[in-house]
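# Structure assessment
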Amino acid sequence: MHGIFFYLETFFMLFILFATGAALYMGIFKAHKSSVSLGAKVASGFLSAIIAGATWFGLYSWSYLSW
Amino acid sequence: MHSTTANISYEARRKSIWSSLYSFQEVLPGLLAMFFIAIASNNLAGVPNPFNLENLFHYLDNVIGPVNGQYVFQIFNTNFVWNAFFMGLFIGNVFGVPDSWKRGLSYIHKFMPLGIVMLAPHFIVGHAAKAGLVPILIVAAALVFTASVTLLLARFLRVDDRHASVLAGGLATGDPHVCAILMPMIKARGGQVINAFVSVVLFGAIASVVLPLIGAKVGLSPQAFGLATVSAVGNGAQAFSAGFAHSSEAGRFSIYYDVVRHVLMPAGFLYVFGVMFVRKLMFRRDPAVNATRGVDSIPLYVIVFVVSWIVASLHVVKEPAHVAIFEMVKWDFSLAAGALGLSMSVREIWDWGTWRGFALACVSGTLRIAFVLAAVWLCAKYQLFNF
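Residues numbered from 1 in each chain as written. Chains lettered and ligands numbered in written order. Predicted model: local features only at pLDDT ≥ 70, side-chain atom pairs only at ≥ 80, totals over all residues. Heavy atoms only, no water.

## Notes on the pattern of salt bridges
All names here are of chain B. Tallied over the entire structure, the rule returns five salt bridges over all chains. Linking Asp258 and Arg261 is a salt bridge whose minimum nitrogen-to-oxygen distance equals 3.0 Å. One end of the pair is Asp258 and the other is Arg261, both in helix H14 (residues 248-263) and three residues apart, which spans about a single turn. (Salt bridge = Lys/Arg side-chain N within 4 Å of Asp/Glu carboxyl O. Helix = DSSP H or I, 4+ residues; strand = E, 2+ residues; numbered from the N terminus.)

Listed below in structure tokens is the structure:
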């Protein structure tokens, strides 16, 4: 870990989380389309966030806790 | 009529200089595609993803075992640019690219110049000083000779001048990265860049096998041969492989002298750009002159790069900052290479002459080997340095 990355890492983690969530929301669930109902959009949003969170929790903890 | 209407509607919705840009929603799918290809290809700063192509190649390198002390995938020059490119090429050609990605992928035209500027602190000219003046002059002369010969021979082999320019840069500097660096400067097509890259890497692999055989006949000392590998083969691991194939000592001298080639690399691509830019200005109306067409003046990012290179060489950028900036370069080029791969069909790589690029690399690369061996042999004979 060098210099500025030490301070930026928290922000970067949030960015990765949102990027993954957005990719799942639009790419897998296709919930960004105007034809999708509000309920489906909200449900897809939650599901995307949970999957993204679980994935990166696993990867970060693997990397930093060395389990 | 249609364009007038479009202009009025643009003027109506224009609020600032940023209004001409695509909206965030329009570019997001393409940017996300580049992002995920980048983190699936390379170990990038801030991303703890171990399941990527770089680590797969590293694993396979250890399964295969080293050749002349070098990893096989390193000899074939896999790195952060090409890993992302190959993944993008695979995904784009197997699964296709949705239209919604294309606006985001156009950001490659911003990422490439940005990456070039950020590369500047990587080349501290003073690091070459330890090698002494004569080795620096030999490497510089080989660089100019190879680039010039490649550009001249391209006319006889009827290779497109943009294709020849990126090939000349890659071959002369001994680094296929330069093919990608020259892409925005020369306005080369993606297919030409990849064709040139493959040609440089393949010829380098052949040269790394042939040079030790010739070196044994010429009777150079390990130190002289180490210097010859850096200039005549280049490409890092390929030069080291040639050096260690000669002897352990020659391999160590290859590593020692490689820094000279490395820090002079910008001179190589600036030379090729300068020559082709002046040529375009001289023969502006010639339809065969395509290189740098559309580049009306020296681009701002090239000027910024040169200034940054000079500033970096004066040790203004300290080592930790240099390491951090290079991590950003890895990010930048991984994103750009992913976009390049996605937006290219495999056929396009061969459209610019399947064999012509490789033939040009072989002919000018062989002349370079002869030039370097003659220069090193003469310097050793007349004791211009302590070989």
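## Overview of unusual backbone geometry
Only a minority of non-glycine residues have a phi that is not negative, and only a minority of peptide bonds are not trans. At Lys30 of chain A, a residue that is not glycine, the phi angle is positive and equals roughly 50°. Among the structural elements, Lys30 of chain A can be located in the loop between helix H1 (4-28) and helix H2 (38-65). What makes Lys30 of chain A partly exposed here is its relative accessible area of 41%. Not every positive phi belongs to a glycine, and His315 of chain B is a case in point at roughly 65°. Assignment of secondary structure puts His315 of chain B in the loop between helix H16 (300-313) and helix H17 (319-342). (Buried < 20%, exposed > 50% of the residue type's maximum accessible area, 1.4 Å probe, protein only.)

## Some words on the nonpolar core
Grouped together as the largest cluster of nonpolar side chains are 122 residues, with contacts concentrated most on Leu182, Met185, Phe305 and Phe333 of chain B. The residues contacting Leu182 of chain B, other than those within four sequence positions of it, are Ser165, Val166, Gly169, Lys187, Phe269, Val272 and Phe273 of chain B. (Core = buried A, V, L, I, M, F, W, Y, C linked by side-chain atoms within 4.5 Å. Contact = heavy atoms within 4.5 Å.)

## Some thoughts on a nonpolar patch on the surface
Residues and elements named next belong to chain B. On the surface, a cluster of nonpolar side chains totalling about 810 Å² of accessible area is made up of Ile298, Leu300, Ile303, Val304, Val307, Ile310, Val311, Leu314 and Val316. When you line up the elements, Ile310 lands in helix H16. Judged by relative accessible area, which is 48%, Ile310 ranks as partly exposed. (Patch = residues over 30% accessible without salt bridge, like charges linked within 9 Å, V, L, I, M, F, W, Y side chains within 5 Å. Areas by Shrake-Rupley, 256 points an atom, 1.4 Å probe, with all protein chains shown as cover.)

## Some words on the packing of aromatic side chains
On inspection of all chains with the given rule, the structure shows 19 aromatic pairs over all chains. Arranged with centres 5.1 Å apart and planes meeting at 75°, the rings of Tyr256 of chain B and Tyr257 of chain B form a pair that is edge-to-face. Among the residues examined, Tyr256 of chain B registers a relative accessible area of 31% and is labelled partly exposed. Grouping aromatic residues by their ring pairs yields a cluster made of Phe12 and Phe15 of chain A together with Phe35, Phe36 and Trp331 of chain B. Cation over ring: Lys381 of chain B sits above Tyr382 of chain B, and NZ or CZ is 5.8 Å from the ring centre. (Phe/Tyr/Trp six-rings, centres within 6.5 Å; stacked < 30°, edge-to-face > 60°. Lys NZ or Arg CZ within 6 Å of the ring centre and 35° of its normal.)

## Looking at the interface of chain A and chain B
Contacts between the two partners involve 17 residues from chain A, matched on the other side by 18 residues from chain B. Between chain A and chain B the total buried area reaches about 1,400 Å² when both faces are included, carbon and sulfur atoms providing 88% of it. Counting the contacts that link chain A with chain B gives one residue pair in polar contact (both at pLDDT 80 or more). Listed by contribution, the elements that provide at least two residues to the side of chain A that touches chain B are H1 and H2 of chain A. (Buried area = accessible area lost by both parts, 1.4 Å probe. Polar contact = N/O pair within 3.5 Å; in protein donor to acceptor, adjacent residues only side chain to side chain.)

## Topic: the environment of Ile194 of chain B
Residue and element names in this part refer to chain B. With respect to the element layout, Ile194 can be found in helix H11 (residues 190-218). On the basis of relative accessible area, Ile194 is assigned to the buried category, the value being 2%. On a C-alpha basis, the gap between Ile194 and Pro176 in space is 9.4 Å, while along the polypeptide they are 18 residues apart. For Ile194, the residues in contact, after removing those within four places along its chain, are Trp82, Phe85, Leu340, Met344 and Ile349.

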